[in-house]
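Listed below are the residues making up each chain.
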Amino acid sequence: MINKNEFNDLLLNLKKQVEERIDKTHEHIHHSGEPVSKSFDEQAAGRGNDEVVYTLDSLARTELADIEDAIKRIENNEYGICNKCGVEIEMERLKTIPYTRTCKSCASD
Ligand SMILES: [Zn+2]
């Protein structure tokens, strides 16, 4: 049985992290406000152009949408069920990727 509160907290935490990442990306894109964090700067500079920043931004947005979707599934009691085969998703997998929609075997298809 899944502990919904545990995963709800996990997802809310993750959501906050991704939102912060998006904020940082935006600061970088608009060259405004606070200096971006060093690690982020290095990441972007290392690959050489702003395209990377936009890619990171769109990845973060996809992740954020997935997280919000997972939070909704918790509210609707649909959380932790594979949307391909309908079995319960492995606990270990949920702990690694709390917003996953598929079980391990469906994900590797
Ligand atoms: Zn499955």
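Here goes a summary of the coordinates provided. (Residues numbered from 1 in each chain as written. Predicted model: local features only at pLDDT ≥ 70, side-chain atom pairs only at ≥ 80, totals over all residues. Heavy atoms only, no water.)

### A closer look at the coordination of the zinc ion
Then, in step 1: Binding of the zinc ion to the protein goes through C82 (SG), C85 (SG), C103 (SG) and C106 (SG), at separations of 2.3 Å.
Then, in step 2: For the zinc ion, the 4 donor atoms in the first shell make angles of 105 to 116 degrees at the metal, so the coordination geometry reads as tetrahedral.
Then, in step 3: Sequence positions of the residues that donate to the zinc ion give the spacing C-x2-C-x17-C-x2-C.
Then, in step 4: With a relative accessible area of 2%, C103 lands in the buried category. (Donors = N, O, S within 2.8 Å, 3.2 Å for Na, K, Ca; no water. Tetrahedral: all angles 85-135°; square planar, octahedral: opposite > 155°, others 65-115°. Buried < 20%, exposed > 50% of the residue type's maximum accessible area, 1.4 Å probe, protein only.)

### Considerations on the nonpolar core
Then, in step 1: F7, L11, V18, I67, Y79, L94 and Y99 are the most contacted members of the largest nonpolar core, which has 19 residues in total.
Then, in step 2: The set of elements that each furnish at least two residues to this core consists of α1 (4-30) and α3 (50-75).
Then, in step 3: Broken down by element, the residue count for this core peaks at 6 residues, all from α3.
Then, in step 4: In contact with I67, other than residues within four places in its own chain, are L11, L14, K15, V18 and Y99. (Core = buried A, V, L, I, M, F, W, Y, C linked by side-chain atoms within 4.5 Å. Helix = DSSP H or I, 4+ residues; strand = E, 2+ residues; numbered from the N terminus. Contact = heavy atoms within 4.5 Å.)

### Observations regarding α3
Then, in step 1: With 26 residues, α3 extends 38 Å from end C-alpha to end C-alpha; this agrees with the ideal 38 Å at 1.5 Å per step.
Then, in step 2: Within α3 the residues assigned to the buried category are V52, V53, D57, A60, E63, L64, D66, I67, A70, I71, R73 and I74.
Then, in step 3: A positive backbone phi angle near 60 degrees is found at N77, which sits one or two residues after α3. (Expected span 1.5 Å × (residues − 1).)

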